[in-house]
Each structure stands twice: as structure tokens, then as C-alpha cells.
Amino acid sequence: MVKILNTANSEGQFPCLHGIRFLSINWVILLHTYVFQIPMISNTDEVINDNHQWSLILNSFFSVDSFFILSGFLVGYSFFQKAEKTDGRTPWLYFYTHRYVRYDFMQEYLQILLPIL
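A few points on the structure. These figures come from a predicted structure and were not determined experimentally.

The rules behind each value
Residues numbered from 1 in each chain as written. Predicted model: local features only at pLDDT ≥ 70, side-chain atom pairs only at ≥ 80, totals over all residues. Heavy atoms only, no water. Helix = DSSP H or I, 4+ residues; strand = E, 2+ residues; numbered from the N terminus. Rg over C-alpha atoms; globule rule 2.2 N^0.38 Å. Buried < 20%, exposed > 50% of the residue type's maximum accessible area, 1.4 Å probe, protein only. Contact = heavy atoms within 4.5 Å. Lys, Arg positive; Asp, Glu negative; His and termini not counted. Charge placed at Lys NZ, Arg CZ, Asp CG, Glu CD. 1 Å grid on protein atoms, 1.4 Å probe; cavity = no way out; pocket = protein on both sides within 12 Å on 5 of 7 lines; lining within 4 Å. Points joined across faces, edges and corners; volume = space filled by probe spheres on them. Nonpolar A, V, L, I, M, F, W, Y, C, P; charged D, E, K, R; others polar. Axes fitted to C-alpha atoms, helices over the stretch in contact; angles between N-to-C directions. Parallel < 35°, antiparallel > 145°, perpendicular 65-115°, else oblique. Left-handed = near helix turned anticlockwise from the far one by under 90°. Patch = residues over 30% accessible without salt bridge, like charges linked within 9 Å, V, L, I, M, F, W, Y side chains within 5 Å. Areas by Shrake-Rupley, 256 points an atom, 1.4 Å probe, with all protein chains shown as cover. Salt bridge = Lys/Arg side-chain N within 4 Å of Asp/Glu carboxyl O.

Let's talk about the overall build of the protein
When its secondary structure is counted, the protein shows five helices and zero strands. When the helices and strands of the protein are placed in sequence order, the string is α-α-α-α-α. Scaling as 2.2 N^0.38, a compact globule of 117 residues should have a C-alpha radius of gyration of about 13 Å, whereas the protein reaches 20 Å, well beyond that. Its C-alpha atoms give the protein principal-axis dimensions of about 60 × 35 × 35 Å. Here the protein holds 117 residues, and the buried ones make up 11% of them. When contacts within the protein are restricted to residue pairs at least 6 apart in sequence, those whose partners lie at least 24 apart make up 62%. Computing the positive centroid from 7 side-chain charges and the negative centroid from 9, the protein places the two 19 Å apart.

Things to note about the layout of surface pockets
The calculated volume of the largest pocket comes to roughly 230 Å³. If you trace the largest pocket, you find 15 residues lining it, with Ser-78, Phe-79, Lys-82, Phe-95 and His-98 closest to the centre. Mapped onto the lining of the largest pocket, the elements with two or more residues apiece are helix H4 (61-85) and helix H5 (92-116). Around the second largest pocket, the lining residues are Ser-71, Val-75, Arg-99, Arg-102, Tyr-103, Phe-105 and Met-106. If you list the elements that add at least two residues to the lining of the second largest pocket, you get H4 and H5. Counting residues per element, the lining of the second largest pocket draws most heavily on H5, at five residues. Tallied by class, residues from the lining of the second largest pocket come to four nonpolar, one polar and two charged.

Some thoughts on the environment of Ile-112
Within the element layout of this structure, Ile-112 appears in helix H5. On the basis of relative accessibility, which here comes to 56%, the residue Ile-112 falls in the exposed class. Separated by 40 residues in sequence, Ile-112 and Gly-72 place their C-alpha atoms 27 Å apart.

Topic: the packing of H4 against H5
For the pair H4 and H5, interaxial distance at closest approach is 12 Å and the crossing angle is 150 degrees. With respect to their mutual orientation, H4 and H5 come out roughly antiparallel. Two packed elements cross with a definite hand, and for H4 against H5 that hand is right-handed. Listed contacts from H5 to Ser-71, Val-75, Phe-79 and Lys-82 of H4 are Trp-92, Tyr-94, Phe-95, Arg-99 and Tyr-103. Here the residues of the contact of H4 with H5 are counted per class, giving six nonpolar, one polar and two charged.

Comments concerning a nonpolar patch on the surface
Residues Phe-105, Met-106, Tyr-109, Leu-110 and Leu-114 make up a contiguous nonpolar surface patch of roughly 530 Å² in combined accessible area. Mapped onto the elements, Leu-114 comes out in helix H5. With a relative accessible area of 54%, Leu-114 lands in the exposed category.

Below you can see the structure in the form of C-alpha cells.
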């Protein structure tokens, strides 16, 4: 439990990314909270068109884009760190195999898990 609550930054961490991730996940939670309430609203056109607060919810696809930006930044950062250690020689086969195995494993895991749920 002590490790979870530790706020000290280690070398190579970007504390600003934690803030972006926090804001993005809260935006996603806000969207899902309101999306599941839309069927309970009797006149959705009046609520969505006349209320400017809904623009934050209707434009929440940008929160997903921020996760893609974070992912691309961290992949690029780790790639350039590894390239710096190897004097610019990049093991492309290892790089793409590693990316494929990570994404393919998660996809297979979800395909097996989701029908069970």
C-alpha cells in the first residue's frame, strides 16, 4: 500500500502525463455517466440543443484522442531511449514483434473474456 501512495518521481517519469491521464479518465467517466441517463430523459432535443453544458459531453471523443496521444508519446519516448543506448541501431523486427504481441494478446484476451461476461 505504501508503494501505491508514493508520490515521489523517479528518473524518466513525466508527472504532467499523470494530470492529463487523470483529466481524460474523468472525462470518459462523465460521458458514460450521462450516456446511460439519456434514455431516461423525456425530451432529449431540448436538453442537448438548449444546454451548453452538453457540449462538454458531446465532444468527449477528444478524451479518447488524448489517450492515443499519450500512448504515441510514450512509445516514441521509449523507442528513442532504446535507440540512444544502441547508437541508433534499431532492432525493427523486435520492435514490431513486441508491439504486435502486446496488442494481439490483449485482443485475444478480450475476445475470450467478453462472451463469458
